[in-house]
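Commentary on secondary and tertiary structure
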2 protein chains.
Amino acid sequence: MSQTRVVLDESEIPTHWYNIVADLNNPPAPSLAPDGQPVSPEQMLTIFPEPVLEQEMSTTRWIPIPDEVRKVYALWRPSPLCRAERLEQLLGTPAKIFYKYEGVSPAGSHKPNSAVPQAWLNKIAGTKRLVTETGAGQWGSSLSFAGQMFGLPVRIYMVKVSYGQKPYRRLMMQTWGGEVLASPSNLTKAGRDILERDPGNQGSLGIAISEAVEEAASDPGTKYALGSVLNHVLLHQTIIGLEAKKQFEKFGEYPDMIFAPCGGGCNFAGVAFPYLGDAAAGDKRAQKIRMVAVEPESCPTLTKGVYAYDYGDATGYTPLMKMYTLGHDFMPPGIHAGGLRYHGDSPLVSQLYHEKLIEAVAVPQTSTFEAGVMFARAEGIIPAPESAHAIRACIDEALRCKQSGEPKTLFFNLSGHGHFDMAAYESYFAGKLEDFEYPTEAIQASLARLPKVA
Amino acid sequence: MSQTRVVLDESEIPTHWYNIVADLNNPPAPSLAPDGQPVSPEQMLTIFPEPVLEQEMSTTRWIPIPDEVRKVYALWRPSPLCRAERLEQLLGTPAKIFYKYEGVSPAGSHKPNSAVPQAWLNKIAGTKRLVTETGAGQWGSSLSFAGQMFGLPVRIYMVKVSYGQKPYRRLMMQTWGGEVLASPSNLTKAGRDILERDPGNQGSLGIAISEAVEEAASDPGTKYALGSVLNHVLLHQTIIGLEAKKQFEKFGEYPDMIFAPCGGGCNFAGVAFPYLGDAAAGDKRAQKIRMVAVEPESCPTLTKGVYAYDYGDATGYTPLMKMYTLGHDFMPPGIHAGGLRYHGDSPLVSQLYHEKLIEAVAVPQTSTFEAGVMFARAEGIIPAPESAHAIRACIDEALRCKQSGEPKTLFFNLSGHGHFDMAAYESYFAGKLEDFEYPTEAIQASLARLPKVA
């Protein structure tokens, strides 16, 4: 039998994360305060603890993973690297398809890779409580789990419409001891203001961020945790690619192309950055890898946005970041890949895309689910809708290989399972899913409202 | 850091299943037809294909696992053996706690261990379609997955009340291409008869079995597959214990006690039988292991039932089997561990219990969920309610060790995750779960209706 999976022993969990900031061609653009000046560390320290901020600003290439974090990682890591041979046969492609499966984590996705170190760094900094926001619940459940591992209470502002529609994700957070509030809530000024104007408001990720940040800023013992976009989050996720490199060696294979879903960017960064690091160090094979960030056609940040300073949230509460954006008040349609409905993208991923070191592609919703079902029937695992974006792009390439006869080695990040997304699959089977290709004029309109930066 | 998990390479997937029938002290009692005579192979062949029946009747100690089955097993096997060190610390026990995690399978439980070989054996026997029944959906989803692996269509009669209440399990089956019907249906005489008398009938496992068996018996190309109870199902599950033995060696540990949930018996058999085999072969350490089947207090088959001939289903359609039973028309209350709501038990497990080679204990529902939440908060994984029964019994023993100071090595089978059981956790958190200890008179009443066997 040919090899299906490569698992590593827990002693092979990487000892360091890889920080791509050390290898960028150009220094990253600073985040700016509303006055146009770079945000000061003091401003950041109101919501983040010092050890997190240190990682956020670090230019050191290798950052040690604390033993306490590796010990929690060992509950599910190293995650398996698998060959999708049944999918190859189904497609009749000469390409080899590999995937890294992050759905083995307790929360079912790659998100705990950053939630655990964030909880630990807060714990050692003396943080008494963490607050965050969550939409569909992937990040909120991961942070609840991580807080529980270190005895750190976690409060989650969950977008009200999801709070009602996704009770099982909410219950998952509660099982791990997380306190879940429907946002907008009465606990913050941001929430109260909105409820006063609009008592029936169903919430948004932007509002939930505002509530969590306001609470963190108003209490020295409370800090805020973000699940993507920022440098330290991407740093933590590099454990995925670092493990994959060891596993590909054991397979005796090397990827020609890498695919990952891209919303805030941490999923893509996790799998791609370690190979970009090899490329920066002069590795010729790594320099040839094509790395593809896959986004939904309904929220085409990299493929149809602009590279400009914009707010990280919908309401303009955060610092301005230089990134690809559709405009901070761009409202993506309610597709089922909630994790990819973000108007912007990580500044690091954006810079790499701007410098043409990586590629991006946008895929429509219906054919994304078609790819997800195809994968489930071939390989067993039912993928999260976000992950299915990478599968779609990977299958499209495998079919191109079938035409051209090229035996490429394709690699995608299967970032999570779809156990809490079966309602989305139901819509797909019922033929109720829609494809949204945003009219260029709508994007132009929100881009016209970008903040002016000197 | 001390070791948290032992994973094995896929080359270490066992090559043979262990058949305990070869090592029993007494030959198993035959199944009987309604006339009191042993059921003939010809009768069995109307619903099972020959290769399955061969395994069912086999007395050979080691039965080879076909390469095609091992190849599918490799999608998730070998499953990890983990040490629950955080749980030990939380309990303050000197005991060491280990668990085998079967929730890594695509369907999220140990059930695919038998679904895959059953699908394969049917495939090579020329079966055109498989039919089965499912209650909560664990078995139905596993067989849908397994059928899909070999291109074998699967039809599942799903108890109507579950069909409505558990749409996500149903969707999981459909994602893998399974055809799911609400039972009672109009497709069988059994279903039509019931609907004629009672159009609003919400179904039961007994009715669903009757429908599936009727369909298999009426079409030569269609065969029936059962998810527990029978010898061949228990045989397939021994892969769990066989892997665990290798993994304990790598840990440098050996279990003093083994705990597993026990409904139909395949979960318990999977983890315990290989050690019983060692004991039968004269291994002194294995002879000292205490093996505990854990059942719900609300359905106390081993602890309060009798060892007698009874029907395998509620309606008296199946052959009579010698087993512990509460009476075939015993109706357990609607607890959340649907997989443990069975009036009988596997004949093999029953015989071992009768011969006092294994033990049994019954635990109440509320404290079972308490144990499940404790485990989730310590170790991350949210257990299925069935699995939480083993956790409860294991924690109780660990607490006894705390009193006595004994550093026992405890081992339980974590047979599945609870991602599709969050509604049950919600009831627990809301204080809505009830404990049912069945009044002895009610059990006496159903036992009084046991069939008379000469």
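Residues numbered from 1 in each chain as written. Chains lettered and ligands numbered in written order. Predicted model: local features only at pLDDT ≥ 70, side-chain atom pairs only at ≥ 80, totals over all residues. Heavy atoms only, no water.

1. What to know about empty space enclosed by the protein
Following the criterion strictly, the structure yields six cavities of 30 Å³ or more and no others. Taken as a whole, the largest cavity spans an internal volume of roughly 510 Å³. What lines the largest cavity is a set of 34 residues, and nearest its centre among them are A:Tyr101, A:Val104, B:Tyr101, B:Gly103 and B:Val104. Of the residues assigned to the lining of the largest cavity, the class counts are 23 nonpolar, nine polar and two charged. By volume, the second largest cavity is sized at about 70 Å³. In terms of residue count, helix 17 (residues 365–379) of chain A provides more of the lining of the second largest cavity than any other element does, three residues in total. Here the lining of the second largest cavity is composed, by residue class, of seven nonpolar, four polar and one charged. (1 Å grid on protein atoms, 1.4 Å probe; cavity = no way out; pocket = protein on both sides within 12 Å on 5 of 7 lines; lining within 4 Å. Points joined across faces, edges and corners; volume = space filled by probe spheres on them. Nonpolar A, V, L, I, M, F, W, Y, C, P; charged D, E, K, R; others polar. Helix = DSSP H or I, 4+ residues; strand = E, 2+ residues; numbered from the N terminus.)

2. Quick look at the confidence of the model for chain A
Low pLDDT means the predicted atomic positions in that stretch should not be read closely. With 100% of its residues at a pLDDT of at least 70, chain A reaches an overall mean of 94. Across the interfaces of the predicted complex, the ipTM metric reaches 0.96, alongside a pTM of 0.96. (pLDDT = per-residue confidence, 0-100.)

3. Regarding the interface of chain B and chain A
When the parts of a complex come together, some accessible area is lost, and that lost area is often taken as the interface size. The partner chain A presents 48 residues to the 48 residues of chain B that form the contact. Buried surface at the junction of chain B and chain A, both sides included, amounts to about 4,500 Å², of which 56% is carbon and sulfur. Taken together, chain B and chain A are joined by four salt bridges. B:Glu426 serves as the salt-bridge partner of A:Arg170, at 3.7 Å between the closest nitrogen and oxygen. (Contact = heavy atoms within 4.5 Å. Buried area = accessible area lost by both parts, 1.4 Å probe. Salt bridge = Lys/Arg side-chain N within 4 Å of Asp/Glu carboxyl O.)

4. Considering the environment of B:Thr222
Note that B:Thr222 resides in strand 9 (residues 222–224). Not counting the four nearest positions on each side in its chain, B:Thr222 is found in contact with B:Arg129, B:Val131, B:Glu215 and B:Ala216.

5. Here we look at the side chain of B:Ser105
Residue and element names in this part refer to chain B. With respect to the secondary-structure elements, Ser-105 resides in the loop between strand 5 (96–101) and helix 5 (112–124). By relative accessible area, Ser-105 is classed as buried at 4%. From its side chain, Ser-105 meets the backbone oxygen of Ser-109 in a polar contact 2.7 Å long. Apart from residues no more than four positions distant in its own chain, Ser-105 is found in contact with Trp-76 and Pro-112. (Buried < 20%, exposed > 50% of the residue type's maximum accessible area, 1.4 Å probe, protein only. Polar contact = N/O pair within 3.5 Å; in protein donor to acceptor, adjacent residues only side chain to side chain.)

6. As for helix 9 (residues 189–197) of chain B
All names here are of chain B. Burial in helix 9 covers these residues: Ala-190, Gly-191, Ile-194 and Leu-195. In an axial view of helix 9, the angular spread of the buried residues amounts to 125 degrees, which keeps them on one side of the axis. In helix 9, the exposed residues that point more than 90 degrees away from the buried face are Glu-196 and Arg-197. On its buried face, helix 9 is in contact with helix 7 (160–165) and helix 10 (205–218). (Arc of directions from axis to C-beta.)

7. Section: the relation of the copies chain B and chain A
Structural alignment of chain B on chain A gives an RMSD of 0.0 Å, achieved by rotating through 180 degrees and translating 0.0 Å along the axis. The symmetry that links the two subunits is that of a two-fold axis. The residues that chain B uses at the interface reappear at the interface of chain A in 100% of cases, marking a shared surface. (Least-squares fit on C-alpha atoms with pLDDT ≥ 70 in both.)

8. So, the domain arrangement of chain A
All names here are of chain A. Parsing chain A into structural domains produces domain 1 (17–66 + 111–231) and domain 2 (70–108 + 238–447). Put simply, the middle of domain 1 and the middle of domain 2, counted by C-alpha atoms, are 22 Å apart. If you sort the residues of domain 1 by the area they bury against domain 2, Tyr-18, Asn-113 and Val-229 come out on top, with a joint share of 18%. Summed over the shared surface of domain 1 and domain 2, the number is one salt bridge. The partner of Asp-421 in a salt bridge is Lys-166, with the nearest N and O atoms 4.0 Å apart. Counting across the domain 1 and domain 2 interface gives 13 residue pairs in polar contact (both at pLDDT 80 or more). Of all elements in the fold, only strand 2 (16–18), helix 5 (112–124), helix 6 (138–149), helix 8 (167–175) and helix 10 (205–218) reach the threshold of two or more residues within the side of domain 1 that touches domain 2. (Domains from an automatic or database assignment.)

9. Structural notes on the environment of A:Asp313
Residue and element names in this part refer to chain A. Looking at the secondary structure, you find Asp-313 in the loop between strand 12 (306–311) and strand 13 (320–325). Here the alpha-carbon distance between Asp-313 and Gly-327, two residues 14 residues apart in the chain, equals 9.9 Å. If we ignore the near neighbours within four places in the chain, the residues touching Asp-313 are Ile-209, Ser-210, Thr-318, His-328 and His-343. Engagement of the side chain of Asp-313 in a polar contact is seen with the backbone nitrogen of Tyr-317, the distance being 3.0 Å. Here the side chain of Asp-313 touches Thr-318 through a polar contact of 3.3 Å, landing on its backbone nitrogen.

10. A short note on the packing of helix 2 (residues 50–57) of chain A against helix 5 of chain A
Residues and elements named next belong to chain A. Following both chains from N to C, one finds helix 2 and helix 5 inclined at 130 degrees, their axes separated by 7 Å at the closest point. On the basis of their axis angle, the class for helix 2 and helix 5 is oblique. Note on element contacts: helix 5 touches helix 2 through Leu-121, Asn-122 and Ile-124, opposite Pro-51, Val-52 and Gln-55. Residues that form the contact of helix 2 with helix 5 fall into these classes: four nonpolar, two polar and no charged. (Axes fitted to C-alpha atoms, helices over the stretch in contact; angles between N-to-C directions. Parallel < 35°, antiparallel > 145°, perpendicular 65-115°, else oblique.)

11. Structural notes on the sheet that holds strand 14 (residues 359–363) of chain A
All names here are of chain A. A sheet is described by the order of its strands in space; here seven strands give the open sequence 1-4-5-15-10-11-14, paired in mixed fashion. Either end of the sheet is taken by a strand with one partner, and the two such strands are strand 1 (5–6) and strand 14. Note that strand 11 (residues 290–296) and strand 14 share five bridges and pair parallel. Paired with Pro-296 across the two strands is Val-363, which belongs to strand 14. In this fold helix 13 (residues 266–280) packs onto strand 10 (257–261), strand 11 and strand 15 (409–414), with an angle of close to 155 degrees to the strand it touches most, strand 10. (Pairing = 2+ DSSP bridges.)

12. Here we look at the environment of A:Phe259
Along the chain, the position of A:Phe259 falls in strand 10. The spatial distance from the C-alpha of A:Phe259 to the C-alpha of A:Ile391 is 7.9 Å, given a sequence separation of 132 residues.

13. Observations regarding the pairing of strand 6 (residues 129–134) of chain B
Two faces, one strand: in a regular strand the side chains alternate between the faces of the sheet. Residue and element names in this part refer to chain B. Most of strand 6 is tucked away, with six of its six residues classed as buried. Burial along strand 6 is two-sided: the face carrying Arg-129, Val-131 and Glu-133 and the face carrying Leu-130, Thr-132 and Thr-134 are both buried. Where strand 6 and strand 9 come together, three bridges link them in parallel fashion. Paired with Leu-130 across the two strands is Lys-223, which belongs to strand 9. In the sheet, strand 6 pairs with strand 7 (residues 154–159) via five bridges, with the strands oriented parallel. Bridge pairing in strand 7 places Val-131 opposite Arg-155.

14. Concerning the sheet that holds strand 8 (residues 179–183) of chain A
Sheet strands line up and pair through hydrogen bonds in the backbone, either parallel or antiparallel. Residues and elements named next belong to chain A. The four strands are arranged 8-7-6-9 in an open sheet whose pairing can be described as parallel. Only two strands of the sheet have a single neighbouring strand rather than two, namely strand 8 and strand 9 (222–224). Along the sheet, successive strands turn relative to each other by an average axial angle of 25 degrees, direction set aside. Together, strand 6 (129–134), strand 7 (154–159), strand 8 and strand 9 form the strand contacts of helix 10, whose direction differs from that of strand 6 by roughly 170 degrees.

15. Topic: the state of the cysteines
Counted according to the given criterion, the structure contains zero disulfides over all chains. Just so you know, A:Cys262 is unpaired, no disulfide at all, and the nearest cysteine sulfur is the one on A:Cys266, 8.9 Å from it. When its relative accessible area of 2% is taken as the criterion, A:Cys262 is described as buried. Lacking any disulfide linkage, B:Cys401 is separated from the closest cysteine sulfur, that of B:Cys394, by 8.9 Å. (Disulfide = S-S within 2.5 Å.)

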